[in-house]
Amino acid sequence: MFWCLGCQAEFETSRGLSLHTRTCQYAGSALVDTLRKRKAAETQERHQKKQKIRKNAMIGSPEPEPIHDAPMPEPPPLPDPLTISRAGRVRKLPGHLRNMQPSSLTCLPAHLRPPVPAAPARQQPSPETAGSRPASPPPGLPLNNLVAHPQNEDAMSGKSSADIVRTRPNEYGLYRIYTVRPQRDPEGDVSIEAAFDPTAFPKPAGAPNIPHGLERLLQPPTKPEPPPFAPFANVSIFTVLYWQACGDSNLKSYSQIDLLARLMQEPGFDPKDLANLDSAHEERRLDNYFEHDKGSPLSVDDRWIKGIVKIRLPKEGVQYKCEEDVPEFAVEDVTYRPLVDVFTAAYKQPCVKTWHFIPHRLYWIPDAATSRSAAGSCASSARSPSPTSSVPTPSLSGSPCPQPSPRPSSFPCPRPSSHPSSSSSCPSSSSRPRSPPHPPSPAHPTSSCSSSQPQSPSSLSDDSSSSALPQDTHEGIRVYSEVWHGDAWLEEDARMRTRPREAGDPSDLEYAIAPWGLYSDSTHLTSFSQASLWPLYGYPLAQSKYVRGQPTSFAAHHLAYIPYLPDTLQDLYQAIYGVPASAAMLTFLKRELMQAVLLLLMDDRFMYAYVHGLVLLCGDEIMRRLFIRFLIHSADYPEKMLLACLRFFARCPCPRCRINKDKIIEMGTRNDLYRRNWVRQDDTDTIYRIKITRRWVLEDGLALTSKYIARVLDPLSLTPTRSAYSIRLREHGFNVYSLFAPDLMHEFELGVWKSIWIHLLRILYAVGEDAIQRLNQRFRQTPPFGRSTIRRFSANVSNQGKLAARDYEARLQCFMPAFENLLVGPASRRDNGIVLDLGFDLATWHCLAKLREHTEISLAGLDAKTVDVGATVRTFAKKTCGEYVTVELPSKDSAARGRRTAHLNKNKNIRKRGAATTEAKRKYFNYTTYKFHAMRDYAPAIRAIAASDNFNTQVGELEHRHVKRFYARTNKIRAAFQIAQHMRRAEKLRIIKRRVDAARASQEGAAVNATLTELVTGGKPDRSTAAVPQEPLPFMADPLARYHIAESQRECDDLSLWVASQAADPAFQVQDFLSDLRNHMLTRFNVALPLGDEDYSMTDRSRVVFMKNRIYWHRVLRVNYTTYDRRRTQESINPRTHGDVLLLATNKNEGDHPYWYARIIKIFHVNVRMLGAFDEEPKRIDVLWARWFRYDQSALSGFGAKRLPRVTFIPPQCNADQFAFLDPADVVRGAHIIPAFAHGRTSCFLGPSSVRNNGSNLGKDINMDTDFKYYYVNIFADRDMFMRFYGGGIGHQGLRLQSDTAFDEDPYHSDWQDIDEDDMDELDTTVECEPLPWEDVQEIHSEQDALALVPELLGANGTLNPLLDDDDINQEDHTHAEDGQHIDSEDEELNAHADEDEPERAADDSAGDSAAVGDVLDEEDEGGEDEYAIEGYGHL
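Description of the structure in this document. (Residues numbered from 1 in each chain as written. Predicted model: local features only at pLDDT ≥ 70, side-chain atom pairs only at ≥ 80, totals over all residues. Heavy atoms only, no water.)

### Some words on the overall build of the protein
In step 1: Scanning the protein for helices and strands turns up 40 helices and 39 strands.
In step 2: With 1436 residues in all, the protein has 58% of them scored as buried.
In step 3: For the protein, the proportion of contacts with a sequence separation of at least 24, taken over those separated by at least 6, is 78%.
In step 4: Taken as a whole, the protein presents about 59,100 Å² of accessible surface, with 52% of it coming from carbon and sulfur. (Helix = DSSP H or I, 4+ residues; strand = E, 2+ residues; numbered from the N terminus. Buried < 20%, exposed > 50% of the residue type's maximum accessible area, 1.4 Å probe, protein only. Contact = heavy atoms within 4.5 Å. Areas by Shrake-Rupley, 256 points an atom, 1.4 Å probe, with all protein chains shown as cover.)

Following this line, the structure appears as structure tokens:
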């Protein structure tokens, strides 16, 4: 009898078992377990043999003295974390990190899992499951937990209790609530590897890419199928074409050559197959290849089409009887794909298995991790209270949390958990470093904390026998991460389900929304030519944002390449009317062209799918009726106004509300919130205004710049063009203005913050002296951090050259230490404080707005911080900016102008600086901009669409890389269609590549199954044929481990000789290196202190034996940790470049800082064995030699004081050691420590020593024999670092020392302290509630209402008077200057004033209105770095 290790199925023959293991989904894991057990047994056998040899060697030796029976004394207690050494110095233990293992995420839901044969001894049938499937899955697969539970939410009030589906909380306390039970749980198909940061844990080179959903290719085919490399004749041809089309670059670098070499070594490649290869013929074969299988993604004919759109050419003063009589201009070569075909192909991909079709609400119980770790399951008596009691929820006024810290300036203090952990185990060994001063009370014992592993919300299941559920609906805190957590998808899904089902649909056919997000923007294809492309991308929002955000995942679907107005337009216009088109007319035609292309895409097939849905067999092999919906259209500000058909930066500059431009200054006040309630609606009033003015322009010949048209359109900043979204979708309840969410990259990083940064540079130039030089020097000395998170700054940060969004973001993150005390003058102390407050508020707001996982608490904090930013900006503009005469920044043109002036005046004793200054234009700080107004829209947008990375334009900017790469392969003539062809071929080749990888894996799987069969039957596997997977790279070995240090022992020194060679070093004079290292070894071996002694004795230390007396050096420590959004990532600690680390403090006092900081000097390991333990193998002990920082309590810091925490090295006179040995497992993660440049340097901490060559890389011109007096801890280094201080991170809740959510300590007034209390009379605003803003605007519901606004146009019979004077027709309203002028969209904050006649144009900004028509910048200029694949997704 033979049986399967995975599912316990029994078979009579070995052949039957072999056939079964090919398809058994549990056999692979069983093989791994079997091999592990076998290895453990062999290790134990070798250990027993060694003990037997030692025992035999002792035969013949003198008998030991008899041991008299005596009572065994009790073992002494372990050393207390807080002890006093013999020298009287304080020594304490940092908080340990408990590596909590994640639960399995790979099993299917219990109610959908196919029957699995189980051994009779393991079956436990229940009345509900008997005869259908086993009551429990095979061992090792945890049950999923789902129950139906009634809810009281407003959005769910119409649902019966049977319809509401609620999962059980997982280890993080996360649970989901569905209004409709999904047919499949997508979380069940997400592996734990999906939570790993791809930059920290990349796949090995040459690893096959087999996504979920291709398991059927690993099974024997049931019917003849084409080969996986179809339509090519053999795999060799496919390999070569794939390398050519899907390479990372057009330049064949070393990596590309290495890739080609690996591809040529893959199974099935034969160079003979490439004889007479015709690449062009093979590409045509690929273009025309389609499959007949309805479930295949290659079954859809989604080829690119060349279309034609037509736009009308009106002329002021020329009248026509109707719009159809107006001359048309045909724009040809519109490259696009039908939307229905693109959507159908996308939902047939195998990766759909991990997509979400049914939206749900995600909730978090903050104390669930602690309570579940204590009892194993959540008991009803241990339920967490409501969020208003368990986690302080602030009001929008920003009131402080309950029980504030005794020190208002302190950061949120850790609070110990009330539930002890039953699995406190991480590494049993622990380090005992000596501590910096100010230790906590010895009465508080050491607490451990958890470095939580990534978890997902618990899966769906019918079983309800597990842990008890919380019974109160409101005890969970709402979480927003993915789009399916937001309200927009939930509302669309609820609206869809209110409609009757389609006739003929079976009752089990699942109805679902297919939400899509769009992105459009023009990009330059080259660096020096005028070649550009205007692509329109589509992203399926059902796919995880962590996949959509990686350009290498190719999640973007190219929908169309929007054409520009051809040059022949002016020729035709002049041939018809005798004059060329005006600037206003060209802007009108560009807007018309954009809407015409969108109308071409939303054809009749699309409208049928929008209303009635598409019945598709999706990639997860489930039939659904999908209703296409648009939730987002991401774009920069000019593009938004173009899509919404609004005037750029006119009277009402916001595409979402109708606030007036002159009221933007009050952002953050109660009046501002009051005005935002006047949201834009695609209502009858809007439609009639557009309809009437459009008829005036096309039929009656009224000028676009006429004051009469402005009188109708200006109150809402409309244009005579109606949006394509409104034309097609308005009748189905769609509001076009709801598409446009704020854009963090363009509107804050390249908008608000950039304008403030530029004006701060102007202030420094106005201050004079060496302020700019000191700023540049400080930024040069700022150390980098992370994997390109904060890069090394350039030598001249004041040079506003070609900068990306990431450059401005890095300046904001490191702003406060660099700008401290740079302003000088009578009011310098006040101005420096205002500027630092402004920098802290902006950095805090930026971190909150850019979080990838939000809770209601963090959103409330974002609302409150937005109020702070508004008040701080107004204070900065009124009090600080008015003290300095600021002019335009120096540039190449102004410098040349200054040199010419100096040359002319060289005989007049005029200084060169003064001559240049006299010609510089005065510049004022302007914040009356849309981008400043949009800061308050982020929190509502996050509640609707979830975290801001779902609608940030950075993802779309990254996609531009692909079209630029393919442009180099075209002949540069009408390149758009050629680029489209290359894109489609690459898509097909990637699909075929996954099939080929799956086929190769199936062949390797057959060898693995043969090995498994031999193990089960007792035979020996044939090691020559068994497939052995390649060993991953060392730092990828185990992402779930706490840390990794290389195994190499090449670099080593004799320990005694090395210490002797360092005798003259001051660091070795203040520390007894060998004695402290032996003490550390004793603590790592858990050796207890002798009774009555407070330190280890010489005898104890002599028991430590260093094997070969060697110390082995290492260069890098890699620390794995879980981020606030439950992603697993890695950080490299290199003492030469980035050696500062963060450790968990054991302080329990309310006012103590939650973390300790140290600078790693050396990384090494020693092989140690205790004297007398000859029967034990030497133990490798990894050690960090570190230099302590101490927290400076004399400096105010925290979210209340708006200052960074300040630390300093420990001076020799303090009663604490300066150096210590640390256990790498105690390192939480790296820290970004920035020198406090304003306080200078000192040599009192330590003399010239080699420990400083770890180097913060401050430059060779800096005296490396001194230290800075103080350092600042950069809490804004990345979002994960910020949440460790701010509190409320779900991935951080495993820390036993939790930090409270931080808010400003000063409570706000109920009116939100409008603007400024001291000088409110200087601003034209008040906290008094003004009349409703929409009461002053007369709504239009008919043509008569519109004509009543322009009585001058009415003739005697009440019709439009065609005999108007030319002056009346062509009279311009200067408020519409954007129709004919180019305004720098990103520098609108700098150019809005009338006296600023020459806008400053930075190389990284788009060209204003020209950007709206296609002249936009390269993605590299807009921060188009891959934040996910370069900076490391887990960090942010």
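### Points about the layout of surface pockets
In step 1: Roughly 1,100 Å³ of volume is contained in the second largest pocket.
In step 2: Surrounding the second largest pocket, 41 residues form its lining, Glu491, Asn735, Tyr737, Ser738 and Ala944 being those nearest its centre.
In step 3: Elements represented by at least two residues in the lining of the second largest pocket include exactly helix H9 (487-497), helix H13 (604-612), strand S21 (623-634) and helix H28 (938-945).
In step 4: Of all the elements, H9 adds the most residues to the lining of the second largest pocket, at 6 residues. (1 Å grid on protein atoms, 1.4 Å probe; cavity = no way out; pocket = protein on both sides within 12 Å on 5 of 7 lines; lining within 4 Å. Points joined across faces, edges and corners; volume = space filled by probe spheres on them.)

### Quick notes on the sheet that holds strand S27 (residues 1117-1122)
In step 1: Strands sit in the order S23-S27-S28 across an open sheet of 3 strands; the sheet is antiparallel. Looking along the sheet, the strands with just one partner apiece sit at the ends: strand S23 (1043-1044) and strand S28 (1128-1133).
In step 2: Both S23 and S27 contribute to a ladder of 2 bridges, which runs antiparallel. Looking at the pairing, Tyr1043 lines up with Val1119 of S27. (Pairing = 2+ DSSP bridges.)

### What about the side chain of Asp1280?
In step 1: Along the chain, the position of Asp1280 falls in helix H35 (residues 1279-1286).
In step 2: The class for Asp1280 is buried, based on a relative accessible area of 0%.
In step 3: From its side chain, Asp1280 meets the backbone nitrogen of Tyr1124 in a polar contact 3.0 Å long. (Polar contact = N/O pair within 3.5 Å; in protein donor to acceptor, adjacent residues only side chain to side chain.)

### Describing the pattern of salt bridges
In step 1: Following the criterion strictly, the structure yields 50 salt bridges and no others.
In step 2: Ionic pairing is found between Arg1126 and Glu853, a salt bridge with its closest N-O pair at 2.4 Å. Taken together, the positions of Arg1126 in the loop between S27 and S28 and Glu853 in the loop between helix H23 (828-849) and strand S22 (854-855) put the pair 273 residues apart, joining distant regions of the chain. (Salt bridge = Lys/Arg side-chain N within 4 Å of Asp/Glu carboxyl O.)

### Some words on the packing of aromatic side chains
In step 1: Taken as a whole and judged by the stated rule, the model has 51 aromatic pairs.
In step 2: Both rings, one in Tyr1155 and one in Phe1285, keep their centres 5.3 Å apart while their planes meet at 65°; by these two values the pair is edge-to-face. Separated by 130 residues along the polypeptide, Tyr1155 in strand S30 (residues 1155-1170) and Phe1285 in helix H35 bring together distant segments of the chain. Across the pair, exposure class does not vary: Tyr1155 and Phe1285 are buried alike.
In step 3: Ring pairing ties together the aromatic residues Trp1058, Phe1068, Phe1073, Trp1113, Phe1164, Trp1185, Phe1219 and Phe1221, which thus form one cluster.
In step 4: One Lys or Arg, Arg624, reaches over the ring of Phe357 and ends 3.7 Å from the middle of that ring.
In step 5: A cation over an aromatic ring shows up here: Lys1179 above the ring of Phe1085, its NZ or CZ 5.2 Å from the ring centre. (Phe/Tyr/Trp six-rings, centres within 6.5 Å; stacked < 30°, edge-to-face > 60°. Lys NZ or Arg CZ within 6 Å of the ring centre and 35° of its normal.)

### Some words on the environment of Asp672
In step 1: Relative to the elements of secondary structure, Asp672 occurs in helix H15 (residues 670-675).
In step 2: The class for Asp672 is buried, based on a relative accessible area of 0%.
In step 3: In sequence terms Asp672 and His933 are 261 residues apart; their C-alpha atoms lie 9.0 Å from each other.
In step 4: If near-sequence neighbours (up to four positions away) are discounted, Asp672 is found in contact with Ile659, Glu666, Met667, His933 and Arg936.

### Things to note about the environment of Gln954
In step 1: Secondary-structure assignment places Gln954 in helix H29 (residues 954-967).
In step 2: Under the relative-accessibility criterion, Gln954 is labelled buried at 9%.
In step 3: Here the alpha-carbon distance between Gln954 and His746, two residues 208 residues apart in the chain, equals 8.9 Å.

### Quick word on helix H33 (residues 1073-1084)
In step 1: The end-to-end C-alpha distance of H33 is 16 Å, a good match for the 16 Å that 12 residues give at a rise of 1.5 Å each.
In step 2: Judged by how many residues are buried, H33 sits mostly within the fold: 10 of 12 residues are covered.
In step 3: Listed as buried for H33 are Phe1073, Ser1075, Asp1076, Leu1077, Asn1079, His1080, Met1081, Leu1082, Thr1083 and Arg1084.
In step 4: Note on H33: the residue one or two positions beyond its end, Asn1086, has a positive phi of about 60°. (Expected span 1.5 Å × (residues − 1).)

### Comments concerning the nonpolar core
In step 1: Tyr347, Phe606, Phe630, Tyr725, Leu775 and Tyr1157 are the most contacted members of the largest nonpolar core, which totals 209 residues.
In step 2: Looking at this core element by element, the count peaks at 14 residues for helix H19 (residues 744-767).
In step 3: Not counting the four nearest positions on each side in its chain, Phe630 is found in contact with Leu339, Phe343, Trp516, Leu518, Met602, Phe606, Tyr725, Leu729, Phe734 and Leu739. (Core = buried A, V, L, I, M, F, W, Y, C linked by side-chain atoms within 4.5 Å.)

### Observations regarding the sheet that holds strand S9 (residues 305-312)
In step 1: The 7 strands lie next to each other as S9-S10-S19-S18-S15-S21-S20, forming an open sheet whose pairing is mixed. Each having just a single partner strand, S9 and strand S20 (614-617) make up the two edges of the open sheet. The average undirected angle you get between the axes of adjacent strands in this sheet is 35°.
In step 2: In this sheet, strand S18 (residues 535-540) lies alongside strand S15 (residues 510-520) in antiparallel orientation, the contact comprising 5 bridges. Among the inter-strand pairings, Tyr519 is bridged to a residue of S18, identified as Tyr537.
In step 3: Contacts between helix H12 (residues 583-601) and the sheet are confined to S9, strand S10 (328-336), S15, S18 and strand S19 (557-561), with S9 contributing the most and set at about 135° to the helix. (Axes fitted to C-alpha atoms, helices over the stretch in contact; angles between N-to-C directions.)

### Regarding the packing of helix H6 (residues 339-347) against H13
In step 1: Where H6 contacts H13, the two axes come as close as 8 Å, and the packing angle between them is 50°. Taken together, the axes of H6 and H13 are oblique relative to one another. Counted together, Leu339, Val340, Asp341 and Phe343 of H6 and Arg605, Phe606 and Ala609 of H13 form the full contact between these two elements. (Parallel < 35°, antiparallel > 145°, perpendicular 65-115°, else oblique.)

### Points about the pairing of S27
In step 1: Counting buried residues in S27 gives 5 out of 6 residues, a clear majority hidden from the surface.
In step 2: With antiparallel pairing between neighbouring strands as the criterion, S27 and S28 make up a hairpin whose turn holds 5 residues, including Arg1126 at a positive phi of roughly 65°.

### Regarding helix H14 (residues 637-644)
In step 1: Of all 8 residues making up H14, 8 are buried, and the element is well covered by its neighbours.
In step 2: Positive phi appears at Cys645, one or two residues downstream of H14, with a value of about 60°.

### Focus: the side chain of Asn1120
In step 1: Mapped onto the elements, Asn1120 comes out in strand S27.
In step 2: Judged by relative accessible area, Asn1120 falls into the buried class, the value being 2%.
In step 3: Polar side-chain contacts of Asn1120 include one of 3.4 Å to the backbone oxygen of Pro1039.
In step 4: A polar contact of 3.0 Å, which involves the side chain of Asn1120, links it to the side chain of Gln1130.

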